[in-house]
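Close look at the chain arrangement
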Amino acid sequence: PIPDVRGELRRRGVSASDAEVTAALEELERSWTIDLSAAQSPTAVGDRAAGIDRAGRGLLYYVARR
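None of these values were measured; they are calculated from a predicted model.

For the rest of this paragraph, the subject is helix α1 (residues 2-11). Looking only at α1, the buried set comprises Ile2, Pro3, Arg6 and Gly7. Seen along its axis, α1 keeps its buried residues to an arc of 140°; they face one direction. Here the buried face of α1 lies against α2 (18-30), β1 (34-38), β2 (52-54) and β3 (58-65). Phi turns positive, to about 90°, at glycine 13, one or two residues after α1.

The following block contains the structure:
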């Protein structure tokens, strides 16, 4: 889950803002390094605000390596 990625980055001392992490994740997806997947039930996720809400795609909440 994206909230876990954000948390792990912080535990490792990365001081990037949520917006910077979102931009980096989106760039990695554009470069075909990762896939960002939507939550099947956005109202049931633990930390909706830590996901990436995109019109037309829904709440992107999971990261998978390609």
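Moving on: the nonpolar core. By size, the foremost hydrophobic cluster in this structure holds 7 residues: Ile2, Val21, Leu25, Ile34, Leu36, Ile52 and Leu60. Dropping the residues within four chain positions of it, leucine 60 is found in contact with Ile2, Leu36, Ser37, Ala38, Gly51, Ile52 and Arg54.

Before going further, it helps to examine the packing of aromatic side chains. A full pass over the atoms with the stated rule returns 1 aromatic pair. A ring pair is formed by tyrosine 61 and tyrosine 62, whose centres lie 5.4 Å apart and whose planes are at 80°; its orientation type is edge-to-face. The class of tyrosine 61 is buried, set by a relative accessible area of 6%. The exposure class assigned to tyrosine 62 is partly exposed, which follows from its relative accessible area of 36%.

So, on to the pattern of salt bridges. The tally for this structure, following the rule as stated, stands at 9 salt bridges. A salt bridge links glutamate 26 to arginine 54; its shortest N-O distance comes to 2.7 Å. Separated by 28 residues along the polypeptide, glutamate 26 in helix α2 and arginine 54 in strand β2 bring together distant segments of the chain. Between arginine 66 and aspartate 35 there is a salt bridge, and its shortest N-O distance comes to 2.4 Å. Placement of the pair is arginine 66 in the segment after β3 and aspartate 35 in strand β1, with a sequence separation of 31 residues. Looking at arginine 66, the relative accessible area reads 44%, which means it is partly exposed. Looking at aspartate 35, the relative accessible area reads 27%, which means it is partly exposed. Salt bridges sharing partners connect three or more residues here, namely Arg6, Arg10 and Asp18.

Conventions and cut-offs
- Residues numbered from 1 in each chain as written.
- Predicted model: local features only at pLDDT ≥ 70, side-chain atom pairs only at ≥ 80, totals over all residues.
- Heavy atoms only, no water.
- Buried < 20%, exposed > 50% of the residue type's maximum accessible area, 1.4 Å probe, protein only.
- Helix = DSSP H or I, 4+ residues; strand = E, 2+ residues; numbered from the N terminus.
- Arc of directions from axis to C-beta.
- Contact = heavy atoms within 4.5 Å.
- Core = buried A, V, L, I, M, F, W, Y, C linked by side-chain atoms within 4.5 Å.
- Phe/Tyr/Trp six-rings, centres within 6.5 Å; stacked < 30°, edge-to-face > 60°.
- Salt bridge = Lys/Arg side-chain N within 4 Å of Asp/Glu carboxyl O.

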